[in-house]
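A look at the structure
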Amino acid sequence: MQTSPYTPGETAHEIPGRETQLTDISGLLARVALEGRFAGRIRVDVGPRGVGKTSLLRRAQRTATDLGLATVYVTAGNGTLTAVIADEVDQLTRAWGHGDVLAQWVEEVKLSAGVPGFGHVEVTGGSGPAPQATRAFRELVAHTARSATQDADRKGLVLLIDEFQAADEDSLRTIAYAWQELQSSDLPVPAALLAAGLSHTPDVVTGAVTYAERFQYRPMRDLEPHETREALTAPTSKLGVAWATDALATVVERAQGYPYFVQVYGDEVWRAAGNPDPGDQLTGGHVHAAQGRVDVDLTELYRTRWAKASAREREILAIMAAHAELPVPRRDIATELGVDTTALSMARQSLLDKGIVDAPAHGMLAFTVPGFGAYVRSVTDS
């Protein structure tokens, strides 16, 4: 009996099907660690919920650690982002020495962020950060990265930010301009910044600071069939368990390339097989036996997302679900509701922020989870 190698709803240790992203990130981190370079372009991996962005970011953190880079991992949306980063830097570096210098810049960042007890530096004009805020964050990153290299086992610094779309605008401006200024530093700054966020993150970030259009945004979409097969078979092969051809084909079809569904199906099939031993096989019978429990999980996911939607948002979702093909033009939704497209702006933004819909192209909307349209029809058809 072996524990399931699948991790639905958890941060996965292995992320099959994302080799392109992993290769690019590994190369970026290697340049920082081995050449002492500053990664001047902030990388942001974006996509709907459930496609593995957090798992990718955590994998990047492990890669950075393996290369000897110190890491700071934070999730945006839980306070002023620059202040949260400063706190984590403080925790990370307390045992490094050079405490007075780093503590000074930690306090300066908190001061500029308006942390209680530290005052506040106002952002003027709304188009750029306060110079004090930019300088404080820039110097915090620079001094931390350089301090890291004074230990033979450390090569530099990597900042990792999840849920980037939830960051406050002041912090986005401060980070963007500080990172720009670090590119022209006279002294080496071995550092990189990796982030992840929902699909509309580029719109949110560039709305706060135009310079952020130069960030490296990389979309994460659903898996291709061959990638889904790998995501299903790679974990089991390490445990000596194989998939029957028909069983694998069925799950590949039903999971529809959505990484969370892949994990749910894999986990339930594994359990239906009785936590198989090496040499066992996952069969079509196991897939059939697992389907009921899978349906419970998926229905609960759909129900939760529907429950999050307001009355106006549900009207939009119902219209989208009634369309035979996705994505749906926003103008078509507005026409059916009898309003101008601008009247949908707030509801559209809210649905994007909640991760219920995606905007795969300008003026278009699609559901982020396969099968959600069918669920909406089931609860709205009278």
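Scroll up to find the structure.
Here goes a summary of the coordinates provided. (Residues numbered from 1 in each chain as written. Predicted model: local features only at pLDDT ≥ 70, side-chain atom pairs only at ≥ 80, totals over all residues. Heavy atoms only, no water.)

1. Section: the overall build of the protein
A count of helices and strands for the protein gives 15 helices and ten strands. Here the C-alpha atoms of the protein give a radius of gyration of 23 Å, agreeing with the 21 Å that 2.2 N^0.38 yields for 382 residues. Along the first, second and third principal axes, the C-alpha atoms of the protein reach 65 × 60 × 30 Å. Across the protein, every contact between residues at least 6 apart in sequence was considered, and the portion connecting residues at least 24 apart equals 75%. Entry remark: accessible area of the protein is about 17300 Å², with carbon and sulfur atoms responsible for 48%. (Helix = DSSP H or I, 4+ residues; strand = E, 2+ residues; numbered from the N terminus. Rg over C-alpha atoms; globule rule 2.2 N^0.38 Å. Contact = heavy atoms within 4.5 Å. Areas by Shrake-Rupley, 256 points an atom, 1.4 Å probe, with all protein chains shown as cover.)

2. Re the pairing of strand S10 (residues 364-367)
Burial of the side chains of S10 extends over both faces: Met-364 and Ala-366 are buried on one face and Leu-365 and Phe-367 on the other. Here strand S9 (residues 357-358) runs beside S10; their pairing, made up of two bridges, is antiparallel. Along S10, the bridge assignment pairs Val-357 with Phe-367. Linking S9 to S10, which pair antiparallel, is a turn of five residues; within it Gly-363 sits at a positive phi near 75°. (Buried < 20%, exposed > 50% of the residue type's maximum accessible area, 1.4 Å probe, protein only. Pairing = 2+ DSSP bridges.)

3. With respect to the packing of helix H9 (residues 245-255) against helix H11 (residues 284-308)
A pair of packed helices is captured by two measures, namely the crossing angle of their axes and the spacing between those axes. Viewed as axis vectors pointing N to C, H9 and H11 meet at an angle of 35°, and their least axial separation amounts to 7 Å. Mapping the contact onto sequence places Asp-246, Ala-247, Thr-250, Val-251 and Arg-254 in H9 and Gly-284, Val-287 and Gln-291 in H11. Of the residues belonging to the contact of H9 with H11, the class tally is three nonpolar, three polar and two charged. (Axes fitted to C-alpha atoms, helices over the stretch in contact; angles between N-to-C directions. Nonpolar A, V, L, I, M, F, W, Y, C, P; charged D, E, K, R; others polar.)

4. Focus on the sheet that holds S9
If you walk across this open sheet you meet the three strands as S8-S10-S9, and the pairing is antiparallel. Looking along the sheet, the strands with just one partner apiece sit at the ends: strand S8 (328-329) and S9. On the sheet, helix H12 (residues 311-322) packs against S8, S9 and S10 and is oriented at approximately 85° with respect to S10.

5. Observations regarding the sheet that holds strand S5 (residues 216-219)
Across a sheet, strands are paired by hydrogen bonds formed along the backbone, either parallel or antiparallel in direction. Read across the sheet, five strands follow the order S2-S3-S4-S1-S5 without closing on themselves; strand pairing throughout is parallel. Both edges of this open sheet fall to strand S2 (69-75) and S5, since each of them pairs with a single strand only. For this sheet, the mean angle separating the axes of adjacent strands, direction not counted, is 15°. Relative to strand S4 (residues 191-197), strand S1 (residues 43-46) is paired through four bridges, and the arrangement is parallel. Opposite Asp-45, over in S4, you have Ala-196 as the bridge partner. On top of the sheet, helix H6 (residues 169-182) reaches strand S3 (156-162) and S4; it is set at about 150° to S4, its chief contact.

6. Looking at the pattern of salt bridges
Enumeration according to the criterion identifies 16 salt bridges in this entry. The residue Asp-358 makes a salt bridge to Arg-221 at a minimum N-O spacing of 2.7 Å. Highlighted residues: Asp-358 in strand S9 and Arg-221 in the loop between S5 and helix H8 (225-237), separated in sequence by 137 residues. Looking at Arg-221, the relative accessible area reads 36%, which means it is partly exposed. In this structure, the salt-bridge partner of Glu-268 is Arg-293, at a minimum N-O distance of 2.9 Å. Of the two residues, Glu-268 sits in helix H10 (residues 259-272) while Arg-293 sits in helix H11, which places them 25 residues apart along the sequence. Using a relative accessible area of 53% as the deciding quantity, one classes Arg-293 as exposed. Through salt bridges that share partners, Arg-138, Glu-139 and Glu-181 make up one connected network. (Salt bridge = Lys/Arg side-chain N within 4 Å of Asp/Glu carboxyl O.)

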